[in-house]
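Summary of structural features
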Amino acid sequence: MAKRQIIRIKETPIMVSEDALYKELSLLIEKSKQKAVSKVKSTVNLLFWQIGKKINEEILHKKRAEYGAQIVQNIAEKLTAKYGRSFEARNLRRMMQFVNDFTDKKIVSALTTQLSWTHIVELLPLQTVDAKLFYANVVIAQGLGTRELRKSIITKTYERAQTANIQISKKSKIPKDTFKDPYILDFCELKNAYLEKDVEEAILRDLESFILELGRGFTFVERQKRMIIDSEDHYLDLLFYHRKLKRLVAIELKIGKFQAKYQGQMKLYLKWLNRYERQPDENEPIGLILCAGDSREQIELLEMDKDGIMVAEYWTELPPKKELEEKIRTLLFKARERLEARKLLGYG
């Protein structure tokens, strides 16, 4: 018996005319406008993602850049005339980029319920999806407004968090994304020569700015925390509590470069806090040593993160934009170099 020959017909994508596309997008907008007011932010963001996806699909089918630019302009004019400035060509291109950056609808759904469109617009120019997700999570966790998000991006919070994370090994007691390196304490307004107590007093004068720089999970507990050890008084500069991590965070301020003796001092403070201040439902305390300068090789050799100690620089002045970008880029590059060297040697 002869075998039947199966003829497979190659499917070709159905081309949508400009008028048909305009009608489809209009329908999406109309449906969106009918949804509950309480879900306006989520609805608008998801609508913009759907519009970007629909336009991208149409342009992809045509495979012509000049066609894409023209159709965006034409559609924008029609949508703007009917629905307002939110659908201008510039914003349509943002919607298209939104789809290109976030293709997973589950991630999009999570983002669109908690971020405004102005938040998303601030994220779009960032170079990597990792950076965009980092800042999105910061907005969600800390409740940042658009202005605060913009400042966080300008001051390179993502890159500074990455630099700090590189200090954290697999055996570390410090969760990733807890600290940054360096910290920018420009609000302290310290010039020329100053003492440790000057830094502490400046921080306490503008505690809100310091907590914003630390991250909003931090709550201030006490300054100059007194500890009696072997009948001697010891004083911790600043004590905070991190609500999400459920642990005390000890902070020591130093006006010079890091010195190895600071490790023993902080380790002693953490042991005392763990014994006498830690509550039954809390995790072990961790420490942050803030220094005006770094000693990277010492810090790397001591592997203090295994004892729950992080060392970071602090800057009392915010450099100009280009200088800041270059300094942060250099710090991150050198940190990654040290990480690769550690891996080659079988550490971390």
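First, a word on scope: everything that follows refers to the structure included in this document.

Calculation criteria
Residues numbered from 1 in each chain as written. Predicted model: local features only at pLDDT ≥ 70, side-chain atom pairs only at ≥ 80, totals over all residues. Heavy atoms only, no water. Phe/Tyr/Trp six-rings, centres within 6.5 Å; stacked < 30°, edge-to-face > 60°. Buried < 20%, exposed > 50% of the residue type's maximum accessible area, 1.4 Å probe, protein only. Helix = DSSP H or I, 4+ residues; strand = E, 2+ residues; numbered from the N terminus. Lys NZ or Arg CZ within 6 Å of the ring centre and 35° of its normal. Pairing = 2+ DSSP bridges. Contact = heavy atoms within 4.5 Å. Axes fitted to C-alpha atoms, helices over the stretch in contact; angles between N-to-C directions. Arc of directions from axis to C-beta.

1. Looking at the packing of aromatic side chains
A full pass over the atoms with the stated rule returns 13 aromatic pairs. Pairing F98 with F102 gives two aromatic rings, centres 5.8 Å apart and planes at 70 degrees, and the pair type is edge-to-face. The burial state of F98 is the same as that of F102; both residues are buried. Ring plane angle 50 degrees and centroid distance 6.4 Å describe the contact between Y135 and Y158, whose orientation is recorded as tilted. Here Y158 lies in helix 9 (residues 157-166) and Y135 lies in helix 7 (residues 129-142), a separation of 23 residues in the sequence. Taken as a pair, Y135 and Y158 share a single burial class, namely buried. Counting every residue linked through ring pairs, the aromatic cluster contains F48, Y83, F87, F98, F102 and W117. Its guanidinium or amino end placed over the ring of Y22, K78 lies 5.7 Å from that ring's centre, counting from NZ or CZ. Just above the ring of W315 sits the side chain of K327; from NZ or CZ to the centre is 4.3 Å.

2. A word on the pairing of strand 3 (residues 232-242)
Pairing analysis gives ten bridges linking strand 2 (residues 218-229) to strand 3, with the strands arranged antiparallel. Residue pairing across strands places R226 opposite Y235, the latter belonging to strand 3. Connecting strand 2 to the next strand, strand 3, in antiparallel fashion are two residues, including D230 with a positive phi near 55 degrees. Where strand 3 meets strand 4 (residues 247-257), five bridges bridge the pair, whose relative direction is antiparallel. Paired with F240 across the bridge in strand 4 is V249.

3. A word on the side chain of T155
One can find T155 in the loop between helix 8 (146-154) and helix 9. Since its relative accessible area comes to 8%, T155 is described here as buried. In contact with T155, other than residues within four places in its own chain, are R160, I184, L318 and L324.

4. Some remarks on the sheet that holds strand 1 (residues 183-184)
Strand order in the open sheet formed by six strands is 1-6-5-4-3-2, with mixed pairing between adjacent strands. Each of the sheet's edge strands pairs with one partner strand only, and the pair in question is strand 1 and strand 2. The sheet contact formed by strand 5 (residues 286-293) and strand 6 (residues 309-315) spans five bridges and is parallel. Its bridge partner being in strand 6, G287 is matched across the sheet by I309. Running at roughly 135 degrees to strand 4, helix 10 (residues 196-205) makes contact with strand 2, strand 3, strand 4 and strand 6 of the sheet. Contacting strand 1 and strand 6, helix 14 (residues 321-344) crosses the sheet at an angle of about 160 degrees to strand 6.

5. A word on the environment of L111
Positionally, L111 belongs in helix 5 (residues 105-114). Each C-alpha atom of the pair L111 and N45 lies 8.7 Å from the other, and the pair is 66 residues apart in sequence.

6. Comments concerning helix 11 (residues 207-214)
Here helix 11 has its buried residues at F210, I211, E213 and L214. When helix 11 is viewed along its axis, its buried side chains cluster within an angular range of 160 degrees and face the same direction. G215 sits one or two positions beyond helix 11 and adopts a positive phi of about 125 degrees.

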